[in-house]
Amino acid sequence: SMDGAPTPASPAGLSAYVAVSQLLGLTLLATTGAWLGRYRGGVAWHSPLQFNVHPLCMVLGMVFLQGDALLVYRVFRHEAKRSTKVLHALLHGLALVIALVGIIAVFESHRTKGIPDMYSLHSWCGMAAFVLYLLQWLLGCGFFLLPGASFSLRGWYKPQHVFFGIALFGLSIATCLLGITEMLLFNIRDSYSHFVPEGVLANTLGVMLVAFGLVVGYVLTRDDWKRPPLAEELALSMDFKTLTEGESPGGGS
């Protein structure tokens, strides 16, 4: 901080929860890779294995990276708000790009194999999640990163941004569960009910996805773990409010 006082530590419970979330997240990715590698022949682009790019990219982008982007404001508590904001936007942007690769993979794979598109509940929820996630990212950049949005506009949009951020993360995880179920019923319908190893592994992946969502969701919704405003941020926002009665500096209204 500015006056040379020691930086206050993060709350103890927060660090533990964040550590557990990261362990879960990495285990998720490893389990997805193990399922695809051990039972589904691996991952490749120009090949019959192109479909397998889809679950890998969606778990990496729409779950792990999206979850970590949400945690940025809880983990980086004493860094400048601007750089924390940029990291938040970059991680979500990276998640979007990886998810787009995963979506292209499934459409191309369907085209190659003559499978119809967009008929299942999984595809409807997934496309809704992706389109709304992209929209949320564009709105977030417009309101919070680009200059020009007034304080009153930001204040109006922020609660919606926060709610839909958590909601879309939840929808993404739910869509993964639908996708896992669909994949198992396509691939091992006859043996699934006999608790074959692939079925148990994929079910375990689903349970870990839920656990990751719950841990991240808990961290995000605990009020006393929210990022405290830095002294200089508070002073700035007070000055702006006094000067401009809720509008941004520079005469823009």
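Residues numbered from 1 in each chain as written. Predicted model: local features only at pLDDT ≥ 70, side-chain atom pairs only at ≥ 80, totals over all residues. Heavy atoms only, no water.

Asker: Let's hear about helix H2 (residues 53–75): which residues, and what values?
Answerer: The principal kink in H2, of about 30°, is found at Ala69. Across the 23 residues that make up H2, a large majority, 20, are buried. (Bend = angle between axes of the 7 residues up to and from the residue. Helix = DSSP H or I, 4+ residues; strand = E, 2+ residues; numbered from the N terminus. Buried < 20%, exposed > 50% of the residue type's maximum accessible area, 1.4 Å probe, protein only.)

Asker: Tell me about the nonpolar core, residues and numbers included.
Answerer: Residues Leu28, Trp35, Val63, Ile180, Leu209 and Phe212 are the most contacted members of the largest nonpolar core, which totals 47 residues. Looking at this core, the elements that each hand over two or more residues are helix H1 (12–39), H2, helix H3 (81–113), helix H4 (121–145), helix H5 (151–187) and helix H7 (197–221). No other element matches the 12 residues that H2 contributes to this core. Ignoring any residue separated from it by four or fewer positions in sequence, one finds Leu28 in contact with Val63, Leu205, Met208, Leu209 and Phe212. (Core = buried A, V, L, I, M, F, W, Y, C linked by side-chain atoms within 4.5 Å. Contact = heavy atoms within 4.5 Å.)

Asker: For the packing of aromatic side chains, give the residues involved together with the corresponding values.
Answerer: Scanning the model with the defined rule gives 10 aromatic pairs in all. On the numbers, 6.3 Å between centres and 50° between planes, the contact of Phe143 with Trp156 is tilted. One end of the pair, Phe143, is in helix H4; the other, Trp156, is in helix H5, with 13 residues separating them in the sequence. Taking relative accessible area as the criterion, Phe143 reaches 14% and is therefore assigned buried. Among the residues examined, Trp156 registers a relative accessible area of 53% and is labelled exposed. Among the aromatic residues, ring-to-ring pairing joins Phe143, Phe144, Trp156 and Tyr157 into one connected group. Sitting over the face of the ring of Tyr39, Arg38 holds its NZ or CZ atom 5.1 Å from the ring centroid. (Phe/Tyr/Trp six-rings, centres within 6.5 Å; stacked < 30°, edge-to-face > 60°. Lys NZ or Arg CZ within 6 Å of the ring centre and 35° of its normal.)

Asker: Pulling in residues and values, what's your account of the environment of Cys141?
Answerer: On the secondary structure map, Cys141 appears in helix H4. A residue is classified by how much of its surface remains accessible, and Cys141, at 16% relative accessible area, is buried. Spatially, the C-alpha atoms of Cys141 and Ala89 are 7.3 Å apart, while their sequence positions differ by 52 residues.

Asker: Explain the packing of H1 against H2 to me, and be specific about the residues and the numbers.
Answerer: Helix packing geometry: the angle between the two helix axes and the distance between the axes. Two elements in contact, H1 and H2, have axes whose closest approach is 10 Å; the angle formed by their N-to-C orientations is 170°. Overall, the two elements H1 and H2 adopt an arrangement that is roughly antiparallel. Contacts from Leu14, Val18, Ser21, Gln22, Gly25, Leu26, Leu28, Leu29, Thr32 and Leu36 in H1 reach Pro55, Leu56, Val59, Leu60, Val63, Phe64, Asp68, Leu71, Arg74 and Val75 in H2. Here the residues of the contact of H1 with H2 sort into 14 nonpolar, four polar and two charged. (Axes fitted to C-alpha atoms, helices over the stretch in contact; angles between N-to-C directions. Parallel < 35°, antiparallel > 145°, perpendicular 65-115°, else oblique. Nonpolar A, V, L, I, M, F, W, Y, C, P; charged D, E, K, R; others polar.)

Asker: Just give me the short version of the packing of H1 against H7, but keep the residues and values in it.
Answerer: Contact pair H1 / H7: the axes reach a minimum separation of 9 Å and the direction vectors enclose 155°. Compared by their axis directions, H1 and H7 come out roughly antiparallel. Crossing handedness for the pair H1 and H7: left-handed. (Left-handed = near helix turned anticlockwise from the far one by under 90°.)

Asker: Tell me about the pattern of salt bridges, residues and numbers included.
Answerer: Once their charged atoms are close, side chains differing in charge can pair, the charge on each being opposite to the other. Here the structure, examined in full by the defined rule, presents three salt bridges. Here Asp224 and Arg222 are joined by a salt bridge, their closest N and O atoms 2.9 Å apart. Lys226 is the salt-bridge partner of Asp223, the closest N and O atoms lying 2.6 Å from each other. The exposure class assigned to Asp223 is exposed, which follows from its relative accessible area of 58%. (Salt bridge = Lys/Arg side-chain N within 4 Å of Asp/Glu carboxyl O.)

Structural measurements only, silent on function.
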